[in-house]
Amino acid sequence: MKIRYSTESDSTAIEGIHTSAFGRHQGEEIVELVKDLLEDETAKPLLSLVAETDGKLVGHILFTVARIQPEDQEVSIRILAPLGVLSDFQCQGVGGMLIREGLKELEESGVDLVFVLGHPDYYPKFGFQTASLLGFQAPYPVPSEHADAWMVQELNAGVIGSVKGKVQCSKVLNQPQHWRD
Ligand SMILES: CC(C)(COP(=O)(O)OP(=O)(O)OC[C@H]1O[C@@H](n2cnc3c(N)ncnc32)[C@H](O)[C@@H]1OP(=O)(O)O)[C@@H](O)C(=O)NCCC(=O)NCCS
């Protein structure tokens, strides 16, 4: 299994991954989201990685830029969204490899915090913690019964505790429908 940067020629395979991972209905929304995010100037710099095995793409992860309000805080942050693995390749460590490799790259490039809205049983395996308990609000309110789905991880020790506020993501991701569940 190889993790590498995605290229423009991967776009059809990436669409196939998210359609397979999220199912036809939600998959369509995610495919549109990825297309739009890749063109969103406010989402850059972004990190788009694919997992490839035997020449076949089986997973995709995208990290885009976010800011924190109040904006006078010196901090570099990203949001992880989306992550998808082809259904036949799930639960074989592909998602974990994409997350770990992405976090490593981001840490090396000086990113301080990474946020995700996702499965609270999955992301803590890779070091994410409930963000609301650490002083970070999501761009749109997360219903209290799903509060633990809004998570953060620090890549620069000591940033959590010294920074607080509301996360503001890229223009495309900053739409209420992406924060509903
Ligand atoms: C969620 C997803 C990205 C995980 O990737 P993966 O390659 O299947 O997962 P990994 O092999 O890295 O990790 C497997 C572990 O995660 C768990 N896991 C997988 N999907 C999970 C989910 N939706 N919720 C909670 N745990 C999950 C497995 O039970 C397994 O646990 P174990 O290590 O204790 O046995 C993938 O299953 C997927 O694409 N799902 C559909 C799309 C989706 O929900 N994306 C995430 C949006 S937040």
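Reading guide: rules and limits
Residues numbered from 1 in each chain as written. Predicted model: local features only at pLDDT ≥ 70, side-chain atom pairs only at ≥ 80, totals over all residues. Helix = DSSP H or I, 4+ residues; strand = E, 2+ residues; numbered from the N terminus. Rg over C-alpha atoms; globule rule 2.2 N^0.38 Å. Buried ≥ 20, exposed ≤ 12 C-beta atoms within 10 Å, placed from the backbone. Contact = placed C-beta atoms within 7 Å. Near = placed C-beta within 6 Å. Nonpolar A, V, L, I, M, F, W, Y, C, P; charged D, E, K, R; others polar. Core = buried A, V, L, I, M, F, W, Y, C linked by C-beta atoms within 7 Å. Expected span 1.5 Å × (residues − 1). Arc of directions from axis to C-beta. Right-handed = clockwise from strand over helix to strand, strands pointing away. Pairing = 2+ DSSP bridges.

Asks: Describe in detail the overall build of the protein, supporting the description with residues and values.
Replies: The helix and strand inventory of the protein stands at three helices and nine strands. The globule rule puts the C-alpha radius of gyration for 181 residues at 16 Å, and the 15 Å found for the protein is close to it. Principal axes of the C-alpha set define a box for the protein whose edges measure 45 × 35 × 30 Å. Evaluated residue by residue, the protein yields a buried proportion of 37% over its 181 residues. Counting only contacts in the protein whose residues sit at least 6 apart along the sequence, the fraction spanning at least 24 positions is 71%.

Asks: Tell me what's going on with the site of the ligand, and back it up with residues and numbers.
Replies: If you check the shell around the ligand, you find 17 residues, and the closest are Ala21, Gln90, Gly95, Gly96 and Gly118. Secondary-structure elements contributing two or more residues to the shell around the ligand are α1 (11-22), β4 (77-85) and α3 (94-108). Ranked by the residues each element gives to the shell around the ligand, the list is headed by β4, at four residues. Across the shell around the ligand, the residue classes break down as eight nonpolar, eight polar and one charged.

Asks: I'd like a description of the nonpolar core, backed by residues and values.
Replies: By size, the foremost hydrophobic cluster in this structure holds 52 residues, and its most contacted members are Ile79, Leu80, Val114, Phe115, Val116 and Met151. Sort the elements by how many residues they give to this core and strand β3 (residues 56-69) lands first, with seven residues. If we skip the residues at most four places from it in the chain, Leu80 touches Ile61, Phe63, Val114 and Val116.

Asks: Help me get a handle on α1, residues and values and all.
Replies: For α1, with 12 residues, the first-to-last C-alpha span of 17 Å sits near the 16 Å given by 1.5 Å per residue. Considered for burial, the residues of α1 that qualify are Ile14, Ile17, His18 and Ala21. The buried side chains of α1 occupy one side of the element, clustering within an arc of 90° when seen end-on. Looking at the buried residues of α1, the elements they touch are α2 (24-39), β2 (47-53), β3 and β4. Positive backbone phi, at 85°, marks Gly23, one or two positions downstream of α1.

Asks: Give me the pairing of strand β5 (residues 113-117): which residues, what numbers.
Replies: Most of β5 sits out of view: five of its five residues are buried. Here β5 shows a buried face lined by Leu113, Phe115 and Leu117 and a second buried face lined by Val114 and Val116. Between β4 and its parallel partner β5, the chain crosses via α3, and the hand of that crossover is right-handed. Bridge count between β5 and strand β8 (residues 150-154): five bridges; the pairing is antiparallel. Residue Leu113 lies in a different strand from β8, and its bridge partner there is Glu154.

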